[in-house]
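Close look at the chain arrangement
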Amino acid sequence: MSLLRLDEVTRSVRLPDDGTLEILKGVTIEVAVGDHVSIVGRSGSGKSTLLNLLGLLDTPTSGSIWFDDRLTSTLSGNARDRVRGADVGFIFQQFNLLGGRTALENVMTPLLYANGRQFWRRRQLATEMLERVGLGARLNSIPEKLSGGEQQRVAIARALIRRPRLILADEPTGALDIDTGASVMALLDDVAESSGAALITITHDVTVAALARRHYRLDGGVLTPIDVSPVPALSAPGVAQ
Ligand SMILES: Nc1ncnc2c1ncn2[C@@H]1O[C@H](COP(=O)(O)OP(=O)(O)OP(=O)(O)O)[C@@H](O)[C@H]1O
Ligand SMILES: [Mg+2]
C-alpha cells in the first residue's frame, strides 16, 4: 500500500538578485508501508529540502505529494500539522534532544500533544520505548550524561513513541563513530520494521544506505534509483526483542 507518493515535484527558491534556484527537479518517488528507502547525495544536492517535503514541513513549487492517498495540497495547514504530528517521526544528525531533561521526559514530549489514551499513558509508553532501544536502565539520565549513540537511541525512541507510519532520518549516524553508527542504524531498521513504519534514510554514507531495501541518489536536485550491494546483516547489541 502506498503511504507517500511524490509526482514530478520541484522546489525553487527566489534568490536575492531576483533569479530563481531550482533545488529539486521533477522528483518522483513512491514509498510503501514497511518500506526502507535510502537517499544518498552530496552536500548541496537538495537532501534537506527533499526531507522537508517528505515530512510535510514544506510545500512543493510544482508537482504533487500524496500522503495516504490524500493530495496534501488540498489539506489546510492545520490538517497537515496533524498528519505530521501523528504519522511522521524525525531523527536528526544532532539528536535535537532537550538538554537538562531526562531521557524519559524527552521521549514523552511528543505525547503531550497526543489525545486521550496516549496522553494519559505517556510515562508507561515512553518507558517501554526506551526499554525497546536498550535504555531501560537510563530512564532518568539527561542527554549531557549519555554517549552520542545513547542520545541517538533516545531520539529514536522519541521519533517512534506515537507509532508514526513514516520515519525520516537525516544523516542519523553523522555524529557517531562507524561502529556506533552501524549499531544505531541496525536498531533503527529493526524498530521501524517491527512497528510497521516506512523508513527513509538520507545520508552521504553508502554503508548506512546499504541497510535499506531500495536506494536512490540525489544529484543536483534530480532523484534516480540506484543499485547498492547489500551488507551482511548487523545485529543491534543491547536491544530488547
Ligand atoms: N531558502 C534557500 N534560499 C537559497 N538557497 C537555498 C535555500 N535552501 C536551500 N538552498 C540551496 O539549495 C541547495 C540544496 O540545499 P539543501 O540544504 O537541501 O542541501 P543538502 O543536500 O541537505 O546539503 P547538506 O548535505 O550540506 O546538508 C544548496 O545549494 C543550498 O544552498
Ligand atoms: Mg542537509
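Above this note sits the structure.
Let me sum up the structure you'll find in this document. By convention here, each chain's residues receive numbers from 1 onward along its written sequence. Starting at A for chains and at 1 for ligands, labels are handed out in the order in which the entities are written. Thresholds applied to this predicted model are a pLDDT of at least 70 for local features of residues and 80 or more for the giving and counting of side-chain atom pairs; totals over whole chains, interfaces and linings are not thresholded and use all residues. Only hydrogens and water are set aside; all other atoms, that is, all heavy atoms of the structure, feed into the side-chain values.

A closer look at the overall build of the protein
Regarding its fold elements, the protein presents eight helices and 10 strands. A globule of 241 residues ought to have a C-alpha radius of gyration of about 18 Å, and the protein, at 18 Å, matches this closely. With the C-alpha coordinates aligned to their principal axes, the bounding extent of the protein is approximately 55 × 40 × 40 Å. Residue burial in the protein is summarised as follows: out of 241 residues, 50% are buried. Pairs at least 24 apart in sequence give 71% of the contacts found in the protein among residues at least 6 apart. Charge assignment in this entry is limited to Lys and Arg as positive and Asp and Glu as negative, and neither His nor the chain termini are counted. Lys charges are placed at NZ, Arg charges at CZ, Asp charges at CG and Glu charges at CD. Between the centroid of the 26 positive side chains of the protein and the centroid of its 27 negative side chains there is a distance of 7 Å. Under the scheme used here, helices are H or I runs from DSSP no shorter than 4 residues and strands are E runs no shorter than 2 residues, and both carry numbers assigned from the N terminus. Values of the radius of gyration come from C-alpha atoms, whereas the globule rule sets the reference at 2.2 Å times the count of residues to the power 0.38. Throughout, exposure labels follow a simple rule: accessible area from a 1.4 Å probe, protein chains only, divided by the maximum for the residue type, with under 20% read as buried, over 50% as exposed, and the rest as partly exposed. Any two residues whose heavy atoms approach within 4.5 Å are treated as being in contact.

Some points on helix H2 (residues 77–87)
Looking at H2, one finds that the buried residues are Ala-79, Arg-80, Val-83, Arg-84 and Asp-87. In a view along the axis of H2, the buried residues occupy a sector of 135 degrees, so they form one face of it. More than 90 degrees from the buried face of H2, the exposed residues found are Asn-78 and Arg-82. Lining the buried residues of H2 we find strand S4 (62–67), strand S5 (70–71), strand S6 (88–92) and strand S7 (166–170). Arc definition: it is the arc formed by the directions from the helix axis to the C-beta atoms.

What to know about the site of ligand 1
Only a single heavy atom is needed: when it lies within 4 Å of a molecule or strand, its residue is near that molecule or strand. The immediate surroundings of ligand 1 are formed by Val-13, Leu-21, Ile-23, Arg-42, Ser-43, Gly-44, Ser-45, Gly-46, Lys-47, Ser-48 and Thr-49. Throughout this description, a polar contact denotes any pair of N or O atoms lying within 3.5 Å of each other; where both atoms belong to protein, one of them has to be capable of donating a hydrogen while the other can accept it, and for residues adjacent in sequence the pair is counted only when both atoms sit in side chains. In the model, an oxygen atom of ligand 1 is placed 3.0 Å from a nitrogen or oxygen of the Gly-46 main chain. The side chain of Thr-49 places a nitrogen or oxygen atom 2.6 Å from an oxygen atom of ligand 1. Residue exposure ignores everything except the shown protein chains as possible cover, and the areas themselves are Shrake-Rupley values with a 1.4 Å probe. Contact with the protein chains removes 53% of the 640 Å² of surface that ligand 1 exposes when unbound. Of all the elements in the fold, those that place two or more residues in the shell around ligand 1 are strand S2 (20–32) and helix H1 (47–54). By residue number, the principal contributor to the shell around ligand 1 is H1, which donates three residues. Class assignment for the residues of the shell around ligand 1 results in three nonpolar, six polar and two charged. Classes in brief: Ala, Val, Leu, Ile, Met, Phe, Trp, Tyr, Cys and Pro nonpolar; Asp, Glu, Lys and Arg charged; the others, Gly included, polar.

Some words on the pairing of strand S10 (residues 222–226)
Strand pairing follows a simple DSSP-based rule, namely that at least 2 bridges must link the two strands. Where strand S9 (residues 214–219) and S10 come together, five bridges link them in antiparallel fashion. By the bridge assignment for S10, Tyr-216 is matched with Pro-225.

Here we look at the sheet that holds strand S3 (residues 36–40)
Reading across the sheet, the six strands line up as S6-S7-S8-S3-S9-S10 and stay open at both edges, with mixed pairing between neighbours. Only two strands of the sheet have a single neighbouring strand rather than two, namely S6 and S10. Strand-to-strand twist of the sheet, defined as the mean angle between neighbouring strand axes without regard to direction, takes the value 20 degrees. In the sheet, S6 pairs with S7 via five bridges, with the strands oriented parallel. Considered in S7, the bridge of Gly-89 is made with Ile-167. Each of S6 and S7 touches helix H6 (residues 148–160); the most contacted strand, S6, lies at about 165 degrees to it. Where helices are involved, their axes are fitted lines through C-alpha atoms of the stretch in contact, as for all axes, and angles between N-to-C directions lie from 0 to 180°.

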